[in-house]
Amino acid sequence: MELRESVQLSLRAIREHGLRSALTVVGITIGIAAVITFVTLGASLQAEVVGEVAGDAPPEMQATVGPEGQEGGPPGASTVPAFTERDVEEIRSLPNVGRAIPQGTVQIATLQHGGRSIAWESATATSPGFFADRQFASGGRFEQGTDEVVINEQAASLFDPELEVNDTLVLQSGANSTREATVVGILEDGGGGPFGDISIPQVYVPTDPFYQTTVESPATGERQRVYPTLTVVASDYESVPSVQSDVQAYLRDDSDARSLKPDEYEFSVQTNEELVEQIREVIGTFTGFVAGIAVISLIVGAVGIANIMLVSVTERTREIGIMKAVGARRRDVLQLFLVESVVLGLAGAVLGTAVGLAGGYVATDYLDLSLTFAPEWFAAAVVVGVGVGVLAGLYPAWNAARVDPIEALRRE
């Protein structure tokens with residue numbers, strides 16, 4: 001029997017049991033659509049986050065102190081204050097280091113402006129060099145030793161009317177602790193900066209006079225500010241590996257931080273590329289986990305194909321007997337039922353791909369993400385659909401091929 005004849009007979013059998021066949025195809029469609037939707041969503045999320053983090057970021061790295069085995073992270077990650085002013089100056093003097101930017105956290109209870117008070121957790125204390133690679137919507141960076149503040153557009157929009165340059169913002173950190181600061185700059189959301197700029201409301205203040213966490217320097221004996229995070233910017237991209245190595249060697253051998261950090265903690269000097277790769281791994285793992293759950297729907301669809309094919313073999317026993325009586329061989333019968341299974345699987349794969357793409361578009365649009373496809377999964381969907389059809393139809397087809405023609409013709 002030619003393949004064309006097998007396809008024609010299979011299509012006729014599918015049409016004769018349209019509702020049952022349609023329900024089987026729906027099972028495969030749902031499974032593949034779920035996988036493609038979640039994979040598309042994961043790819044779009046990864047592209048968005050990596051784009052935000054990498055962007056046009058300068059050749060930089062971030063030094064932190066944390067539990068052994070814990071990687072560094074973006075500014076604001078939970079770390080221990082250990083880097084003194086001496087450490088900052090020593091790292092600035094290392095070869096090929098362009099800037100060393102300390103960052104700390106200033107606890108705030110509320111932000112107040114124009115009669116409105118907003119609950120707030122903390123502001124980032126840093127130096128003016130923090131803004132060297134960032135874009136301002138208006139104004140500019142603050143200066144050390146001044147009561148000035150820089151915010152981003154997200155933070156400015158929290159007030160009505162929106163905060164503007166030269167407005168006064170009151171930072172209240174306790175019942176009797178308030179400080180007025182002048183807004184001198186408003187950052188563009190999504191602008192480049194150390195490890196990117198995730199678009200959430202941000203408030204930045206100068207370390208002098210806002211940041212008051214100090215410690216006695218083990219090397220000089222002087223009381224100095226101590227920071228949990230230090231961003232080091234290399235002079236160029238080619239110098240990043242050597243600067244990273246020099247910073248690690250200094251922190252390990254000569255820094256105040258080695259004496260100030262807990263014994264069970266270790267230094268992490270993480271480059272921008274390493275952070276991007278870490279984000280890719282996290283999102284990839286999450287996407288794979290969710291897609292794996294969606295694969296359960298594919299298994300359900302495979303069971304549906306196996307079920308319909310077993311029923312089909314039972315219902316068409318007499319037809320099989322007639323085919324064998326007029327010369328059909330076992331492989332002809334096997335081919336007929338396998339083709340029918342593959343057609344059902346292929347139909348589910350094609351429909352599932354289309355539905356999955358639509359689902360991915362709706363999900364990314366709802367989350368305001370740029371749509372990013374994973375083309376390899378589209379081809380995989382067709383292969384999986386055909387594979388599911390073959391595997392699910394193999395046993396029923398084998399049963400059909402083993403039907404004894406004499407016994408089959410005796411059935412009503």
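Basis of the calculations
- Numbering of residues starts from 1 in every chain and runs along the sequence as written.
- Owing to the predicted nature of the model, reporting of local features is limited to residues with pLDDT of at least 70; listing and counting of side-chain atom pairs is limited to 80 or more, with chain, interface and lining totals taken over all residues.
- Excluded from the side-chain calculation are hydrogens and water; included are all heavy atoms of the structure.
- Domain start and stop points were drawn from an automatic or database domain assignment.
- Fitted lines through C-alpha atoms give the axes, limited to the stretch in contact for helices. The angle between two N-to-C directions lies from 0 to 180 degrees.
- Segments assigned H or I by DSSP are reported as helices when at least four residues long, segments assigned E as strands when at least two residues long, and all are numbered from the N terminus.
- Should an angle lie under 35 degrees it is considered roughly parallel, over 145 roughly antiparallel, and from 65 to 115 roughly perpendicular; all remaining angles are considered oblique.
- By definition, any crossing whose near helix is turned counterclockwise from its far helix by less than a right angle is left-handed, and any crossing with a clockwise turn is right-handed.
- In this analysis, two residues are considered to be in contact whenever any of their non-hydrogen atoms come within 4.5 Å of each other.
- For our purposes a nonpolar core is just a set of buried Ala, Val, Leu, Ile, Met, Phe, Trp, Tyr and Cys residues, chained together by side-chain atoms within 4.5 Å.
- Partly exposed residues are those whose accessible area sits between 20% and 50% of the maximum for their type, while under 20% is buried and over 50% is exposed, using a 1.4 Å probe and protein chains only.
- Note that the arc is defined by the directions from the helix axis to the C-beta atoms.

Here we take up the domain arrangement of the protein chain. By domain assignment, the protein chain separates into domain 1 (3–52 + 279–410) and domain 2 (60–271). Relative to domain 2, the C-alpha centre of domain 1 lies at a distance of 54 Å.

What follows concerns the packing of helix 9 (residues 317–325) against helix 10 (residues 330–366). For the pair helix 9 and helix 10, interaxial distance at closest approach is 10 Å and the crossing angle is 140 degrees. Considering their axes alone, helix 9 and helix 10 lie oblique with respect to each other. The interaxial crossing formed by helix 9 with helix 10 has right-handed handedness. Residues Ile 320, Met 323 and Lys 324 of helix 9 touch helix 10, and the partners they reach there are Arg 330, Val 333, Leu 336 and Phe 337.

One way to put it is that helix 1 (residues 3–16) packs onto helix 10 with a least axis distance of 8 Å and a crossing angle of 60 degrees. Overall, the two elements helix 1 and helix 10 adopt an arrangement that is oblique. When you trace helix 1 past helix 10, the crossing you get is right-handed. Contacts between helix 1 and helix 10 involve Leu 3, Ser 6, Val 7, Leu 9, Ser 10, Leu 11, Ala 13 and Ile 14 from the former and Gln 335, Leu 336, Val 339, Glu 340, Val 343 and Leu 344 from the latter.

With that settled, the discussion passes to the nonpolar core. Counting 43 residues, the largest nonpolar core has Ile 91, Ile 151 and Leu 169 as the members making the most contacts within it. The biggest single contributor to this core is helix 6 (residues 240–253), with five residues. With residues up to four places along the chain from it excluded, the contact list for Ile 151 reads Ala 156, Leu 163, Leu 169, Val 183, Gly 185, Ile 186, Leu 187, Gln 202 and Val 203. If you look at the next biggest cluster of nonpolar residues, it comprises 25 residues, including Val 25, Ile 305, Met 323 and Ala 381.

Considered for burial, the residues of helix 9 that qualify are Thr 317, Ile 320, Gly 321, Met 323 and Lys 324. An end-on view of helix 9 places all buried positions within 160 degrees of arc, on one side of the element.

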